[in-house]
Structures are given as C-alpha cells and as structure tokens.
2 protein chains.
Amino acid sequence: MAYRTTALRIDRDQALRQRILASALARVAAGGFAALTMQALAEDVGIATGSLYRHFHNKGELAAEVFAVASQGELEALQQTLRAPGPPAERLAAGLQQFAARAWHSRRLAFALIAEPVEPQVDEQRLLFREAYAESFGELLEQGNAAGVFRVSHLGLTAACLVGAIAEALVGPLSPPARAAREAGYPAPSLSDVSQALVTFCLRAVGAPLPEKEPQS
Amino acid sequence: MAYRTTALRIDRDQALRQRILASALARVAAGGFAALTMQALAEDVGIATGSLYRHFHNKGELAAEVFAVASQGELEALQQTLRAPGPPAERLAAGLQQFAARAWHSRRLAFALIAEPVEPQVDEQRLLFREAYAESFGELLEQGNAAGVFRVSHLGLTAACLVGAIAEALVGPLSPPARAAREAGYPAPSLSDVSQALVTFCLRAVGAPLPEKEPQS
C-alpha cells in the first residue's frame, strides 16, 4: 500500500510539474521571460506560490527548464529538415527558411529564447543548445563537403558561424523595439527579407552555389 | 568654500569610482564575471563593502558597467580598422583578424564579454553593443557595395549575420571547457584556424573574392 501511495504521488507530482511548465511556456510565449513571475504563474496554474517553489526552487531554474523544453522542439524541427533526403545545399536553405518562419510566427517566444536578457541559468542553456545546433549544421557541412558542393575546411568553426549568423539575423527583427517601430509605421524587414538574406549569406559562406531565384542577399 | 568642498568630494568620488571599475575589470579579465563578487572587489580596492554599494547598487549594475567599458574599447579598435583607408574586402579581413587576435590574447575577458552566463543587465548591454557592431559593419558593407566588391542586398540583416558569426566562432574556442580540453591535450582550433575560418566565411558570405593565400575556410 505504501508503495502504491508513493507511486501515485510521484505520478501526480509529475502531472502537476507538466502543467506548471505548460503554463510557464504560455506566459513566455505571450510576454517573454519578463512575464514569468512565480506569483502570476502560481495563479495561472491555480496553486499556492509555496507549491510552485516545491517544484522549482527559483525563477532562474524554472526559466531554464522552459527554455530547454521550447528549444528542444525547435532543434528537433530543424534537425528533421537538415537530415531529410536531398542535396545538401537545398537542405541547408530549407532548414534556414523553416527556422526563420517558425521564429517569425512565434516572435515573442523566439526573441525570448534567442536573446531576451534573463537569469544566468538560461544563458547556460543557450550555450548548450547553440552547441547542439552547431553539431547538426556540422553534420550537414560534412555531407556537403563529401558531395563536393560545400567548400569548408574548419567544420566546427564554420558550423558555429552559421549558428551565430542565424541567431543574430533574427534578434533585431524579432525584438520588441523592432515591433514598436513596425507598429509606428517605420519600415522593417519582412520574413521574406530575413529568410532570403539568411539563405544567401549562409550558402555563399559555405562556398555553395546560390539558387537561381535569389542572386543577391 | 561650500562649493569648493562639494567639487572636491565629486572629484574624489569620481576617482574612487574609476579605481573600482579598474579593479573590477582586472577581476573579470582574470576569472570572468563569476570572480566579480562585491566583497572580493571591496577588498581589492581597500574599501568597506558598504562604500562599494554607494557607487554600484548591485553586482548586475557593476557588471554591466565593466562590460560597457571593456566593450567600448573593443568596438573602437574594430571601427578604426574597418574605417581605415584601403579596399573594403581587405578592411573587413583585417578587422576580423584583429578582433579574433585581441579576443585570443585576453581569452578569459573575451569569453566573459561575449558569452559568459551573467546577470540580465549585462545581456541588455550585449544587445546594445551588438547593434553598434552591426552598424559599423553596415557602413563597410555599403562602401563595399558601392565599390562593386560586395554583393549585399539587405545591409542591416547581413551586418547582423556578420556580428553573430564572429561572436559564435569565438565562443567555443574561448570558453573555459575548451581551455580545459586544450590543457588535457585534446586538439583545439588555433588562433590562425579561427581567424582563417572567419575571414573565409565572412568574405564569401558578402560575395567578395577570397584573398589568394586562403582558398578555403
């Protein structure tokens, strides 16, 4: 009996933890990490703030886990495209376009994940995920080199360059100041601008020929 | 008399503030932001922790100011090279090589500035400085386009890509884990590897011809 009670409690704890994370992710998607306060989150979930602290010791720990859950989804979506069958240059272009489009359609969340100033625990996760992204690009670069369509000598460094270029190209257009400028009527890059600039920049950078439709960045 | 006393106090306060910042920078250069604790810093400067808090309300504020002072120096050094006379592609290559070399020779500081997980106030400064870096690259891209040696359509986005690529190429090789790996005898990229990979990546990315000595990244 004692065993079953304990197992039941663990299941319940896990279920509550999942509910907390889902609510936290919804908060970050709507208002960035700035909107993720322990008190507001406890109210969303319908539990006491004290119960929340039993699952996550502080906001940094919670924010880092929300970051990891959301980023893992993005990483897997990208990996699926980069690893699909087809010529390496087309896979790279498709991965970049998909990554930019996903970020564009969840702009607040994407900015939060990539660049929002936040607790150092999230910065730590950012470094880990950037390494994982670089590894995925590194695999593709190796295949492109082998196929004779990429000309890359330093695979790891070049993969890191790609990760940095992608993140930085999106930071500006996704940022809340950019949104305010757009709302005030200032011209701002469109998803198609960002996507095209990124594809041209990255394909050229790895020594691949550009697709015929996009002669310039 | 009252005026002179006040002026004297302001001078003294300014001088102490400068001493604090200089000591703080030395701590970060030696051990990253992790080594920047208010207590250790107060001891370095030879003042009471309370006096330190009169100049900087918390570690985040202090870290952000140390970051800004150090980054401003790096930005100006880069601008000087990017704005020097000469062909745009050579200036871009020289700027990248110089930036990488400076980072390499103050590795701990460079990693702290670029990527060490730290208080959100420093992340805010990072975003501001990345914009300033992008502006400087943007100027050069415009000149290179005008000279017919770069082929860049989206200046701002491409400048951001350059900033991201540079930062990310350096993060791995500069990071404390990379240093530990090097010390343990694992192969790691050299400054020359990083520098060459960056120059090839960035020149190709903006559509510039590569220097003859470096046919591959």
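Only a predicted model underlies this, so the values are computations on that prediction, with no experimental measurement involved.

A closer look at the packing of helix α6 (residues 107-114) of chain B against helix α8 (residues 155-174) of chain B
Residues and elements named next belong to chain B.
- Where α6 meets α8, the axes come as close as 10 Å, and the angle between the chain directions of the two elements is 130°. In terms of orientation, α6 lies oblique with respect to α8. Here the hand of the crossing between α6 and α8 comes out left-handed. Here R107, A110, F111 and I114 of α6 come into contact with α8, specifically with A167, L170, V171, P173 and L174.

Quick notes on the pattern of salt bridges
- Summed over the entire model, instances satisfying the criterion amount to 16 salt bridges over all chains.
- When the shortest N-O distance is used, the salt bridge between A:D44 and A:R27 registers 2.7 Å. With a gap of 17 residues between them, A:D44 in helix α2 (residues 38-45) and A:R27 in helix α1 (residues 2-31) connect regions that are remote in the sequence.
- Close ionic contact of B:R126 with B:D123 constitutes a salt bridge, the shortest N to O distance being 3.1 Å. Pair noted here: B:R126 and B:D123 are both in helix α7 (residues 120-146), with a separation of three residues, about one helical turn. Exposure class is identical for B:R126 and B:D123. Each is buried.

With respect to the relation of the copies chain A and chain B
- Mapping chain A onto chain B leaves a residual RMSD of 0.0 Å; the transformation is a rotation of 180° accompanied by 0.0 Å of translation along its axis. Taken together, the rotation and translation relating the two chain copies correspond to the operation of a two-fold axis.
- Most of the interface of chain A is mirrored in chain B: 98% of its interface residues are interface residues there too.

Examining helix α5 (residues 88-105) of chain A
Residue and element names in this part refer to chain A.
- Taking 1.5 Å per residue, 18 residues should reach 26 Å; α5 reaches 26 Å between its end C-alpha atoms and fits that length.
- All of the buried residues in α5 are P88, A89, R91, L92, A93, G95, L96, F99, A100, A103 and W104.
- Where the residues of α5 are buried, they touch α4 (59-82), α6 (107-114), α7 (120-146), α8 (155-174) and α10 (191-205).

Side note on the UniProt feature "transmembrane region" (unreviewed entry) in chain A
- Here the UniProt feature "transmembrane region" (unreviewed entry) sits at residues 20-42 of chain A.
- What you have in residues 20-42 of chain A is 74% helix and 0% strand, and the ends, taken at the C-alpha atoms, are 8 Å apart.

Some words on the packing of aromatic side chains
- In total, this model carries five aromatic pairs over all chains according to the counting rule given.
- Judged by centre distance (5.8 Å) and plane angle (85°), the rings of A:F99 and A:Y133 are edge-to-face. With a gap of 34 residues between them, A:F99 in helix α5 and A:Y133 in helix α7 connect regions that are remote in the sequence.
- For A:F99, a relative accessible area of 15% corresponds to the buried category.
- On the basis of an interplanar angle of 75° and a centroid distance of 5.8 Å, the ring pair of B:F67 and B:F129 is categorised as edge-to-face. With a gap of 62 residues between them, B:F67 in helix α4 (residues 59-82) and B:F129 in helix α7 connect regions that are remote in the sequence. Across the pair, exposure class does not vary: B:F67 and B:F129 are buried alike.

Cut-offs applied
Residues numbered from 1 in each chain as written. Chains lettered and ligands numbered in written order. Predicted model: local features only at pLDDT ≥ 70, side-chain atom pairs only at ≥ 80, totals over all residues. Heavy atoms only, no water. Axes fitted to C-alpha atoms, helices over the stretch in contact; angles between N-to-C directions. Helix = DSSP H or I, 4+ residues; strand = E, 2+ residues; numbered from the N terminus. Parallel < 35°, antiparallel > 145°, perpendicular 65-115°, else oblique. Left-handed = near helix turned anticlockwise from the far one by under 90°. Contact = heavy atoms within 4.5 Å. Salt bridge = Lys/Arg side-chain N within 4 Å of Asp/Glu carboxyl O. Buried < 20%, exposed > 50% of the residue type's maximum accessible area, 1.4 Å probe, protein only. Least-squares fit on C-alpha atoms with pLDDT ≥ 70 in both. Expected span 1.5 Å × (residues − 1). UniProt positions renumbered as here; feature names shortened; annotations may be inferred. Phe/Tyr/Trp six-rings, centres within 6.5 Å; stacked < 30°, edge-to-face > 60°.

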